[in-house]
Amino acid sequence: MTISSPMIDRLRSGFGGTVLTPADAGYDPARVLFNAMIDKRPQVIAQCASPADVQAAIRFAREHKLEIAVRGGGHSVAGTSLAEGGLVIDLRLMHAVSVDPVARLADVGGGATMSHLDRATGAHGLATTGGRVSTTGAGGFTLGGGGGWLDRKFGLACDNLVSAEIVLANGDIVRASADEHPDLFWGLHGGGGNFGVVTSMRLKLYPLNTVWGGLLMWPAEAAPRVLRAYRDFIEADAPDEVGGGCAFATGPEADFVPAHLVGRHIILTIVFYAGSEADGRKAFAPMLGLGHEGELLVEVPYAEFNCMFDDPPGHRNYWSAEYLRAFPDEAIDAFCGSAAQMLVPSPSQHALFLGGGKAGRETADWPLPWRSAPWCSHPFGVWADAKDDQRGRDWVKLSNATMQPWATGAAYLNFMGDEGEDRTIAGLGRQNYARLARIKAQYDPDNVFHLNHNIRPTGLAAE
Ligand SMILES: Cc1cc2nc3c(=O)[nH]c(=O)nc-3n(C[C@H](O)[C@H](O)[C@H](O)COP(=O)(O)OP(=O)(O)OC[C@H]3O[C@@H](n4cnc5c(N)ncnc54)[C@H](O)[C@@H]3O)c2cc1C
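Along each chain, numbering runs from 1 in the same order as the chain's sequence is written. With the structure being a predicted model, the display of local features is reserved for residues of pLDDT at least 70 and the display and counting of side-chain atom pairs for 80 or more, all residues being used for whole-chain, interface and lining totals. Note: side-chain values were computed over all heavy atoms of the structure, leaving out hydrogens and water.

(A) Up close: the layout of surface pockets. Detection works on a 1 Å grid of protein atoms alone, calling trapped sets that fit a 1.4 Å probe cavities and calling open sets with protein on both sides within 12 Å along at least five of seven lines pockets, with lining residues defined by an atom within 4 Å of a point. Grid points are joined across faces, edges and corners, and a volume is the space filled by probe spheres set on the points. Estimated volume of the second largest pocket: approximately 230 Å³. Along the wall of the second largest pocket there are 14 residues; nearest its centre are Asp418, His450, Asn452, His453 and Asn454. As a working rule, the residues Ala, Val, Leu, Ile, Met, Phe, Trp, Tyr, Cys and Pro are called nonpolar, Asp, Glu, Lys and Arg charged, and the rest polar, with Gly in that last group. Here the residues of the lining of the second largest pocket sort into two nonpolar, eight polar and four charged.

(B) Structural detail: the nonpolar core. Definition used in this section: a nonpolar core is a set of buried Ala, Val, Leu, Ile, Met, Phe, Trp, Tyr and Cys residues joined via side-chain atoms within 4.5 Å. For every residue, the accessible area obtained with a 1.4 Å probe (protein chains only) is divided by the maximum for its type, and the residue is called buried under 20%, exposed over 50%, and partly exposed between those limits. Counting residues in each nonpolar core, the largest one holds 80 residues, and the members touching the most others are Val108 and Leu188. At five residues, the largest contribution of residues to this core is made by helix 16 (residues 430-443). Between two residues, a contact is recorded if the distance between any of their heavy atoms is within 4.5 Å. Once residues lying within four places of it in the same chain are set aside, the contact partners of Val108 are Ala96, Val97, Leu117, Ala138, Thr199, Ser200, Met201 and Leu203. The next biggest cluster of nonpolar side chains, apart from the first, holds 44 residues, and it includes Ala229, Val242, Ala283 and Phe284. Helical segments are the DSSP runs of H or I of at least four residues, strand segments are the runs of E of at least two, and each set is numbered from the N terminus.

(C) Seen up close, the pairing of strand 9 (residues 173-177). In this sheet, strand 9 lies alongside strand 8 (residues 161-167) in antiparallel orientation, the contact comprising five bridges. In the strand pairing of strand 9, Ala164 is matched with Ala176. Strand pairing follows a simple DSSP-based rule, namely that at least 2 bridges must link the two strands. Hairpin connection between strand 8 and strand 9: a loop of five residues separates the two successive antiparallel strands, and Gly171 in this loop has a positive phi of roughly 90°.

(D) Structural view of the sheet that holds strand 8. Taken together, the five strands give an open sheet; going across it, the order is 5-6-10-8-9, and neighbouring strands pair in antiparallel fashion. Of all the strands in the sheet, the pair left with one neighbour each is strand 5 (97-100) and strand 9. Across the sheet, the mean angle separating the axes of adjacent strands is 15° when strand polarity is ignored. Both strand 5 and strand 6 (residues 105-109) contribute to a ladder of four bridges, which runs antiparallel. Residue pairing for strand 6: Val99 is matched across the bridge by Ala106. Of the strands in this sheet, strand 8, strand 9 and strand 10 (197-204) are in contact with helix 3 (residues 51-63), which crosses strand 8 at around 45°. On top of the sheet, helix 4 (residues 114-122) reaches strand 5, strand 6 and strand 10; it is set at about 30° to strand 5, its chief contact. Comment: axis = line fitted to C-alpha atoms, over the contacting stretch for helices; angle = value between 0 and 180 degrees taken between N-to-C directions.

(E) Region of interest: empty space enclosed by the protein. Using the criterion set out here, one finds two cavities of 30 Å³ or more in the structure. Taken as a whole, the largest cavity spans an internal volume of roughly 180 Å³. Asp151, Tyr323, Leu354, Gly355 and Trp370 are the residues nearest the centre of the largest cavity, which is lined by 19 residues in total. Mapped onto the lining of the largest cavity, the elements with two or more residues apiece are strand 18 (349-354), helix 13 (357-361) and strand 19 (375-383). There is about 50 Å³ of room inside the second largest cavity. Looking at the second largest cavity, the residues that line it are Arg132, Gly148, Trp149, Asp151, Arg152, Gly243, Gly244 and Leu354. Elements with a minimum of two residues in the lining of the second largest cavity: helix 6 (151-154) and strand 13 (242-250). For the lining of the second largest cavity, the residue count by class is two nonpolar, three polar and three charged.

(F) Region of interest: the pattern of salt bridges. For this analysis, a salt bridge means a side-chain nitrogen from Lys or Arg found within 4 Å of a carboxyl oxygen belonging to Asp or Glu. If you walk through the whole model with that rule in mind, you get 25 salt bridges. The closest approach of N and O atoms between Asp333 and Arg228, which form a salt bridge, is 3.2 Å. Of this pair, Asp333 sits in helix 12 (residues 329-339) while Arg228 sits in helix 8 (residues 223-235), and the two are 105 residues apart along the sequence. Given a relative accessible area of 21%, Arg228 falls into the partly exposed group. Note that Asp444 and Lys440 form a salt bridge whose closest N and O atoms lie 2.8 Å from each other. Through salt bridges with shared partners, a single network forms among Arg228, Arg231, Asp232, Asp329 and Asp333.

Given below as structure tokens:
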């Protein structure tokens, strides 16, 4: 339906935040997502300031038959947080984080980013698992599972979810926790934005001050040796404080990158230690002794570390991932082979992230079949020019295909664009998907929240 000015005036009356239409000056900046390939024009962007605004926006969209998209940090690579011709529930005004340092809990607004979370908790010498950059939305990240530098130490982000306030498709506001709507609470551990709009989350916190880490660099030709050493280092019982991984990248122009690596295909070890430099150096001794050719190593507050690798916005992105049951020499050679095809120079990376630690030991039955894999091959294609779109996508697909012999088959929905329903099911597990579909049928029977890795309500799934 085409939305008229009087309709918008009605929505605006009593709305605490801001309602934008294409006629408003703030409209274009408000529809920019991290992935510059996504260029959608919603009719309405409802920048909500409270749960009541979210209720009003949902009711308005349903009354006028507008598709609803929910936007937090705008990092969905698939661009699910914008609706062409529809209504966006933009949560960015709801970014407050309040910390109870005694109970070690944070109440996090549905539109907060990692930066809001890290800085608020860091002020009390506390932290929790967040994403690997500071600009990702805490909402989309946590509801999809949420892995980062600290997951081996503190578990996945969703493991630390204590409760959530959620506005449902019918406009009701409920709290989900282990005791209240436990089925819905279970679904929020991997089911993403399928069940409603989360306006606030309560997360567990842990003591953490400074962390130590950064990058070690070598030319790409050293990768087979570096990756073997890294695998052996991790598999020799690396402590939970060790996070990070390895990545192929283009050597950036920066003070800490030696001239001979700038603009070249390089292999990095991303060093992360949730503790002091002295302890970190002991833990990382096997990697520090390999003769790297460039380094950046610092001991800094966690909030600062989490900004160090903020990816540049405004690029075109296509991402995917395969979780690996093992990383033998043949897999390393295959990984290096597909990395040789990536776009260089570009901000693309072919990352190898590690699993295990507390995240791997968690016994709760959340619908996250990928969590037990020891390794994750994560190609993320990032480029500037539309003429590279096909090449960028093809490379990511090639990488996934190359790693198939070692893949568990489980996907991580937060790391993927739209790869079809089978991959959504692979991201949740077939049995879990059936249970999630029943929960979806209870809380969102009309599939109002379908711009996401969609779980179709039971009945639709049978079509
Ligand atoms: C640069 C970059 C780095 C990343 N690093 C990591 C990482 O280290 N670890 C990791 O696990 N993932 C990472 N991701 C993936 C990221 O977790 C997902 O893309 C996640 O969905 C982003 O959440 P968002 O709120 O920023 O995104 P948005 O695009 O705003 O939202 C994506 C979807 O999440 C849902 N959603 C978001 N907020 C809410 C809410 N409050 N209530 C209900 N539904 C909501 C909606 O369905 C929405 O369509 C990264 C992504 C990028 C682009």
